[in-house]
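Working through the structure, step by step
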Amino acid sequence: MTFGAWATIGHPDVAEVMCNAGFDWMIFDTEHAPLSIETVQVLLQAISGTGVTPIIRVAWNDIVLIKRALDIGAKGILIPWINTREDAERAIKACRYPTAGLRGVGPRRAARYGLELDEYLATANNNLLVILQIETAEAVKNAEEILSVPGVDAFFIGPNDLSSSLGFLGKANHPKALEATEKTLRVGKRLGVAAGIHATNLDLAIQQAKDGFQLIALGADFDFLLNECRDSLRKVKEGIGKR
């Protein structure tokens, strides 16, 4: 199993510090975080010597967004809002060069600005982690069809969107949401597709690792920053008897 985190703060120091903490991978979020493609490239450059696998979550299942993320050097792509087999097939084609897919040819940083163009083009289709997000009731219903598409390496459960899709907004750990998560995990195991999830707390992360999830996000940069600040203040205040 592997552990990672979400990068949402657009400063290279933050990304570099987190990647030196020992995570296996880092997801750079361009769906919900205020990160432009230019900013993400700077963050990737900052972590290039850490050994952490950079994954970019694109804002949508869009061939142009996926192409730009790959061209700046993403080793993995996380694609949101996959609800049908057709969605999955479109995502896979966007990640692959012809004739296996539709990706346009023009890698920049990914091919060291042309210094390794031939090598990159020869291996790019196979040296990429493609992760699809399962985050709606419809996606759970269609999980077998989605995860059986050739080229899908892993799926990632979005607990917040999944629970809201089921009618439980703000209740990521509602029993019905956990049931849907378990159902999708079983499908993934049967098809040999790795399962990922954003753990909502560390106790749950431990249980999810035991259950068979192979990519577990332990939090986002702002989570770690906020929690450490609050915990430090709380401990000091408790120690001196001040509220």
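None of the values given here were measured: they were computed from a predicted structure. (Residues numbered from 1 in each chain as written. Predicted model: local features only at pLDDT ≥ 70, side-chain atom pairs only at ≥ 80, totals over all residues. Heavy atoms only, no water.)

Some points on the overall build of the protein
In terms of regular secondary structure, the protein is built from eleven helices and eight strands. In terms of overall dimensions, the protein has C-alpha extents of about 65 × 40 × 30 Å along its principal axes. Looking at the protein as a whole, 46% of its 243 residues are labelled buried. Here the analysis covers contacts within the protein between residues at least 6 apart in sequence; of these, 62% occur between residues at least 24 apart. Surface summary for the protein: the accessible area is close to 12400 Å², and the carbon and sulfur share equals 53%. Counting 26 positive and 29 negative side-chain charges, the protein places the centres of these two groups 3 Å from one another. (Helix = DSSP H or I, 4+ residues; strand = E, 2+ residues; numbered from the N terminus. Buried < 20%, exposed > 50% of the residue type's maximum accessible area, 1.4 Å probe, protein only. Contact = heavy atoms within 4.5 Å. Areas by Shrake-Rupley, 256 points an atom, 1.4 Å probe, with all protein chains shown as cover. Lys, Arg positive; Asp, Glu negative; His and termini not counted. Charge placed at Lys NZ, Arg CZ, Asp CG, Glu CD.)

Regarding the packing of aromatic side chains
Enumeration over the complete set of coordinates arrives at four aromatic pairs. Pairing Trp25 with Phe156 gives two aromatic rings, centres 6.2 Å apart and planes at 90 degrees, and the pair type is edge-to-face. With Trp25 in strand β2 (residues 25-29) and Phe156 in strand β6 (residues 154-157), this residue pair connects regions lying 131 residues apart in the sequence. An identical accessibility class is assigned to Trp25 and Phe156; each is buried. (Phe/Tyr/Trp six-rings, centres within 6.5 Å; stacked < 30°, edge-to-face > 60°.)

Regarding the pairing of β2
With five of its five residues buried, β2 lies for the most part within the structure. With burial as the criterion, each face of β2 is covered, one bearing Trp25, Ile27 and Asp29 and the other bearing Met26 and Phe28. Bridging between strand β1 (residues 2-7) and β2 involves four bridges; their strand directions are parallel. When the bridges of β2 are listed, Trp6 appears paired with Ile27. Assessed by its sense of winding, the connection that carries the chain from β1 through helix α1 (residues 12-19) to β2 is right-handed. As judged from the five bridges shared by β2 and strand β3 (residues 53-57), these two strands associate in the parallel manner. (Pairing = 2+ DSSP bridges. Right-handed = clockwise from strand over helix to strand, strands pointing away.)

Some details on the sheet that holds strand β7 (residues 194-198)
Read once around its circumference, the closed barrel built from eight strands follows the order β1-β2-β3-β4-β5-β6-β7-β8, with strand pairing classed as parallel. Averaged over neighbouring strand pairs, the angle between their axes works out to 25 degrees when direction is ignored. Contacts from helix α9 (residues 175-191) reach β5 (129-134), β6 and β7, with the element oriented near 175 degrees to β6. (Axes fitted to C-alpha atoms, helices over the stretch in contact; angles between N-to-C directions.)

Observations concerning the layout of surface pockets
Empty space within the largest pocket amounts to approximately 380 Å³. Secondary structure elements with two or more residues in the lining of the largest pocket: β6, α8 (159-165) and α11 (221-239). The element contributing the most residues to the lining of the largest pocket is α8, with three residues. (1 Å grid on protein atoms, 1.4 Å probe; cavity = no way out; pocket = protein on both sides within 12 Å on 5 of 7 lines; lining within 4 Å. Points joined across faces, edges and corners; volume = space filled by probe spheres on them.)

So, the environment of Phe156
Looking at Phe156, the relative accessible area reads 1%, which means it is buried. Spatially, the C-alpha atoms of Phe156 and Ala194 are 8.7 Å apart, while their sequence positions differ by 38 residues.

Side note on helix α2 (residues 37-46)
Burial in α2 covers these residues: Ile37, Val40, Gln41, Leu43 and Leu44. One side of α2 carries all its buried residues, which in axial view fall inside an arc of 160 degrees. Along its buried surface, α2 packs onto α1, β2, β3 and α3 (63-71). (Arc of directions from axis to C-beta.)

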